Amino acid sequence: MILKLARYFLAAVFIAAALLKIPHPEQMKTAIQGFRVVNESWAVFGAYFFPWMEFWAGAGLLAPIIPVKRAAAFIILGLMTLFIAVLISAWARGITLNCGCFGFYPSNGAPDDFRLLLVRDLGLWILAAAVFWRGEPADTDWHSKR
Amino acid sequence: MSNSKKGILLRNVNSPKTDFGLSSAWSVVLSASALIALAMVCARADYCLRPAALASGKPLPAEIVQVDAADAGALQALWVDARSAQAYKKSHVPGAVNLTLRDWDFQFAAFARAWRPGKAIVVYCDGGECLASREVAEKLLSALPRSQKIKIYILKGGYPEWQNKHKKPDGQADGVGGQKVGVDQQSHDTSQGGCV
């Protein structure tokens, strides 16, 4: 039950984040460039790709097919690992930024708090890992067939 | 409770939920590939349907116009490379100065030494999908004295297009830098990001 809730929660978070970002690729591009990790071409690619990847990963978590759920959780694990790595990298380099993770940008331009971002991302990483590795009792229905 | 039922119960309690076989692992890999492919297709379609979204729909100022690589050579202009310093070091248009928003403060001094009032400026970046040339051109327009007649050009297709136009018979572009870059490796469709 807890893992099912975790799965629904992750799906909701990722679908919401995607729907907030998909309409605004220009803001997403600026946010990606703020990390100073990739050049502009890759920032444009990421501005279009990441929101859609988040959307399909979130939707995959709701699919009634077990491998798709695991695949979606695996992709989210990968995305969160990437996000955490670039956050730590930016923090270590003393960069201040707005991550734009949910498409919100403060009007006063105040930078995000890296500690809060990392705690949030680590929490999502743990949830995704739990969904991927542990699955749900209903998923592992091999025993019920015996 | 029969022994067989006890066995099922024990297996239910103790069975590792992480245990999924090779075929299951493959189905997860295939599903992940399908999800990634879906995301790529949607992102590509999104980009093709809304190519202007990145430019915020703003029209270019009158002082900034786009120019083809074929026409740019005749302008006798100062070339401005709006790509990263790394890309500039690797290869660039002969005589170009590197000027990016990121390192504007110290790169602008080099630009100011190279530019003479009245001289046209051609700005280029990575290719059709890049906006750095537009951003640098707009910042240049606001940074240069308004009393001067300023004409700034943005190179259509960016550096890859320039390389295509200056391709040597051996397939190498005529760029300046630490190494010559093969046109076939560098160039890509820059018209609309290959959407047409």
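Model, not experiment: these values are computed from the prediction.

**A look at the overall build of chain A**
Link 1 in the chain: Across its full length, chain A holds 5 helices and 0 strands.
Link 2 in the chain: Listed N to C, the secondary structure of chain A is α-α-α-α-α in terms of helices and strands.
Link 3 in the chain: When burial is assessed residue by residue, chain A has 48% of its 146 residues classed as buried.

**Considering the sheet that holds strand 2 (residues 78–81) of chain B**
All names here are of chain B.
Link 1 in the chain: Taken in spatial order, the 5 strands of this open sheet run 1-5-4-2-3, and their pairing is parallel. Edge strands, defined here as strands with exactly one partner in the open sheet, are strand 1 (64–67) and strand 3 (97–98).
Link 2 in the chain: Pairing of strand 4 (residues 121–124) with strand 5 (residues 152–155) involves 3 bridges; the strand directions are parallel. Within the sheet, the bridge partner assigned to Val123 lies in strand 5 and is Ile154.

**Digging into the packing of aromatic side chains**
Link 1 in the chain: Scanning all chains against the criterion turns up 16 aromatic pairs over all chains.
Link 2 in the chain: A centroid spacing of 5.3 Å and a plane angle of 85° characterise the contact between Tyr48 of chain A and Tyr47 of chain B, whose relative ring orientation is edge-to-face. With one member in each of two chains, Tyr48 of chain A in helix 3 (residues 40–61) and Tyr47 of chain B in helix 2 (residues 22–49) form a pair that bridges those chains. When sorted by exposure, Tyr48 of chain A lands in the same class as Tyr47 of chain B, which is buried.
Link 3 in the chain: Consider the rings of Phe50 of chain A and Phe83 of chain A, whose centres lie 5.9 Å apart with planes at 70°: the pair is edge-to-face. With Phe50 of chain A in helix 3 and Phe83 of chain A in helix 4 (residues 66–92), the pair connects residues that are 33 residues apart, well separated along the chain.
Link 4 in the chain: Accessibility expressed as a relative area gives 17% for Phe50 of chain A, which makes it buried.
Link 5 in the chain: Among the aromatic side chains, those forming a connected cluster through ring pairs are Trp42, Phe45, Phe49, Phe50 and Phe83 of chain A.

**Focus: the nonpolar core**
Link 1 in the chain: In this structure, Leu10, Phe14, Trp52, Met53, Leu61, Ile75 and Ile76 of chain A are the most contacted members of the largest nonpolar core, which totals 41 residues.
Link 2 in the chain: For this core, the secondary structure elements donating two or more residues are helix 1 (2–21), helix 2 (25–34), helix 3, helix 4 and helix 5 (114–134) of chain A together with helix 2 of chain B.
Link 3 in the chain: The residues touching Phe14 of chain A, leaving out its near neighbours within four places in the chain, are Glu54, Phe55, Gly58, Ile76, Leu79 and Met80 of chain A.
Link 4 in the chain: Judged by nonpolar contacts, the second largest core, of 21 residues, contains Ala82, Trp104, Val123 and Ile152 of chain B.

**Considering the pattern of salt bridges**
Link 1 in the chain: Summed over all chains, the structure comprises 7 salt bridges over all chains.
Link 2 in the chain: Across the pair Arg115 of chain A and Asp113 of chain A runs a salt bridge, and its minimum N-O distance is 3.4 Å.

**Quick word on the environment of Leu118 of chain A**
Residues and elements named next belong to chain A.
Link 1 in the chain: Position of Leu118 among the secondary structure elements: in helix 5.
Link 2 in the chain: The sequence separation of Leu118 and Ala85 amounts to 33 residues, and the corresponding C-alpha distance is 9.6 Å.
Link 3 in the chain: Ignoring any residue separated from it by four or fewer positions in sequence, one finds Leu118 in contact with Ile84, Leu87, Ile88 and Trp91.

**Section: the confidence of the model for chain B**
Residues and elements named next belong to chain B.
Link 1 in the chain: Looking at chain B, pLDDT values average 74 and 67% of them are 70 or higher.
Link 2 in the chain: When pLDDT is averaged over each element of chain B, strand 3 comes out on top at 94 and helix 8 (residues 183–186) at the bottom at 36.
Link 3 in the chain: Taken as a whole, residues 1–19 scores under 50 in pLDDT and shows 15 contacts with residues more than four places along the chain or in a different chain.
Link 4 in the chain: For this predicted complex, the interface confidence score (ipTM) comes to 0.85, while the overall pTM stands at 0.59.

**A look at the packing of helix 4 of chain A against helix 5 of chain A**
All names here are of chain A.
Link 1 in the chain: Relative to each other, helix 4 and helix 5 sit at 160°, their axes nearing to 9 Å. By the criterion of interaxial angle, the relationship of helix 4 to helix 5 is roughly antiparallel. As helix 4 runs across helix 5, the sense of the crossing is left-handed.
Link 2 in the chain: For the contact of helix 4 with helix 5, a count of residues per class yields 22 nonpolar, 1 polar and 3 charged.

**Quick look at the environment of Glu63 of chain B**
Residues and elements named next belong to chain B.
Link 1 in the chain: As for its position among the elements, Glu63 is in the loop between helix 2 and strand 1.
Link 2 in the chain: Note: C-alpha distance between Glu63 and Lys151 (88 residues apart in sequence) is 5.4 Å.
Link 3 in the chain: For Glu63, the contacting residues outside a window of four places in its chain are Leu141, Arg146, Ile150, Lys151 and Ile152.

What counts and what doesn't
Residues numbered from 1 in each chain as written. Chains lettered and ligands numbered in written order. Predicted model: local features only at pLDDT ≥ 70, side-chain atom pairs only at ≥ 80, totals over all residues. Heavy atoms only, no water. Helix = DSSP H or I, 4+ residues; strand = E, 2+ residues; numbered from the N terminus. Buried < 20%, exposed > 50% of the residue type's maximum accessible area, 1.4 Å probe, protein only. Pairing = 2+ DSSP bridges. Phe/Tyr/Trp six-rings, centres within 6.5 Å; stacked < 30°, edge-to-face > 60°. Core = buried A, V, L, I, M, F, W, Y, C linked by side-chain atoms within 4.5 Å. Contact = heavy atoms within 4.5 Å. Salt bridge = Lys/Arg side-chain N within 4 Å of Asp/Glu carboxyl O. pLDDT = per-residue confidence, 0-100. Axes fitted to C-alpha atoms, helices over the stretch in contact; angles between N-to-C directions. Parallel < 35°, antiparallel > 145°, perpendicular 65-115°, else oblique. Left-handed = near helix turned anticlockwise from the far one by under 90°. Nonpolar A, V, L, I, M, F, W, Y, C, P; charged D, E, K, R; others polar.

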